[in-house]
Amino acid sequence: MKFNGKTAIRLPLIALYAGLLFAGLSASLPAFHSAAGSEEGQGLSADHALMLLQAGNERYVKGERTYPNQDDARRHNTAKGQHPYATIIGCSDSRAPIEHIFDAGVGDIFTIRVAGNVCDIDEIGSIEYGADHLGTPLLVILGHTHCGAVTAVAEGDDVHGSIPELVDNILPAMESVKREHPDLKGQELIQKVVEANVLRAIEDLLIRSETVRQSLEEKKMRVIGAIYDLESGKVEWMGSHPRQKELLEKFVKTGESHAKIKPTFIHTVFFWLKEKLPAEKKQQLIGDCKTYLGSIETVRKIEVGIPAGTPRDVVDNSYGVSLVVYFDDRAGQDFYQTAEKHLQFIERNKDSWTKVQVYDMIAQP
């Protein structure tokens, strides 16, 4: 696999043994693996942690798993505290069990699982706990082939309930793939989006987490992407985000995060809905505002709501749905107006409203 034009990381198992001999360790690989997740594991480097994961995955693929750190002694030992050597955020998919994939045991990996392996507020908070409190030297964003969440987004499936707010993190990845590869279809498109979604998750993390950026800047941890193949069981290592240096320079030096930089262009829209519009169509409109419009890359923030019903003469409660969209500048809003997702949103929902009123403003310092 190629990442940013470079060959994916492939550290042979022999490198692990060489590292063990260099350290003067005569123990076997499973014994070293057992120590890695205990208190002694706190001093491991990111390279050693990566080699442990690679070696474990190699055993898993070959059917030579050692099932380390799963006995009574390990359970009692880790009850006193945990010292995992890696944090991994992966998909909730039942076919991608993280500890099995890496032949790891109790206390070895700080595991975070969410559909689509996205990085939103809950996942980022968990990652920061692993990085800052547990001191894991390696963070892996692990996507996988045939991902259901990615497939739903790539194929434009209708999703309901709270799912739209979950998959809206995946939409920017799909947008970027379609711009770069407009002719891709089917599984080829889905696989490209799987890879782009790993990138997007890393980017979301670096933009939003000062803790992770600081750990990277101080070389306390390493953040890499990877893809797990459901059929072969093999993990392909993607390396660091190609724009990691740029993102760190942008936010670490300024001491700011994406969320702290105040947008200057604010776009407000009111929709008056048709009489007797089915409830599910109204919910579709609200959901599409978040997923379709919220996924456009120049959108910094989006808020969607319904009338509060405030009983004042100066308040107009006659509209059905409203949204407020924040952009860095006018150019961001201009891009939004012609974005494919904006046009798709209009096509999907144009029969739901009778009137649309728009107000644009420039925020004043």
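Once a new chain begins, its residue numbering starts again from 1 and follows that chain's sequence as written. Totals for whole chains, interfaces and linings use every residue, but because this is a predicted model, local features are given only for residues with pLDDT of at least 70 and side-chain atom pairs only at 80 or more, for both listing and counting. Side-chain figures throughout are based on the complete set of non-hydrogen atoms in the structure, without hydrogens or water.

Points about helix 13 (residues 279-293)
Each helix is a run of DSSP H or I of at least 4 residues and each strand a run of E of at least 2, with the numbering of both proceeding from the N terminus. Expected helix span is computed as 1.5 Å times (number of residues minus one). Across its 15 residues, helix 13 extends 20 Å between first and last C-alpha, which sits within 8% of the 21 Å expected from 1.5 Å per residue. Note on exposure labels: buried denotes an accessible area under 20% of the residue type's maximum, exposed denotes more than 50%, and partly exposed covers the range between, all computed with a 1.4 Å probe on protein chains only. Here helix 13 has its buried residues at Leu285, Ile286, Gly287, Asp288, Cys289, Thr291, Tyr292 and Leu293.

What about the environment of leucine 199?
Among the secondary structure elements, leucine 199 is positioned in helix 10 (residues 186-208). Sequence spacing of leucine 199 and isoleucine 141 is 58 residues, and the spatial spacing of their C-alpha atoms is 8.6 Å.

Details of the sheet that holds strand 3 (residues 86-90)
Taking strand neighbours across the sheet as the criterion, the 5 strands line up as 4-3-5-6-7 in an open arrangement whose pairing is mixed. Two strands in the sheet have a free side with no partner beyond their single neighbour: strand 4 (109-113) and strand 7 (235-239). Along the sheet, successive strands turn relative to each other by an average axial angle of 25°, direction set aside. Paired strands, as defined in this entry, are two strands with at least two bridges between them according to DSSP. In the sheet, strand 3 pairs with strand 5 (residues 138-144) via 4 bridges, with the strands oriented parallel. Within strand 5, the position partnered with glycine 90 by the bridge is leucine 142. Relative to strand 6 (residues 222-228), helix 10 is tilted by about 160°, and along the sheet it contacts strand 5, strand 6 and strand 7. Lines fitted to C-alpha atoms define the axes here, with helix axes fitted over just the stretch in contact, and angles between the N-to-C directions of these axes take values from 0 to 180 degrees. Only heavy atoms enter the contact rule, under which two residues are in contact if any of them lie within 4.5 Å.

Observations concerning the pattern of salt bridges
By definition, a salt bridge exists where a carboxyl oxygen of Asp or Glu is found within 4 Å of a side-chain nitrogen of Lys or Arg. Tallying each qualifying case throughout the model produces 18 salt bridges. Aspartate 328 is the partner of arginine 300 in a salt bridge, and the nearest nitrogen-oxygen pair spans 2.0 Å. Of the two residues, arginine 300 sits in strand 9 (residues 299-305) while aspartate 328 sits in the loop between strand 10 (321-327) and helix 14 (330-338), which places them 28 residues apart along the sequence. On the basis of relative accessible area, arginine 300 is assigned to the buried category, the value being 16%. Where aspartate 334 meets arginine 330, a salt bridge forms, and the shortest distance between an N and an O atom there is 3.1 Å. Of this pair, aspartate 334 and arginine 330 both sit in helix 14, 4 residues apart, which is roughly one turn of that helix. Judged by its relative accessible area of 53%, arginine 330 is exposed. Overlapping salt bridges, with partners in common, bring together Arg59, Arg65 and Asp103 in one network.

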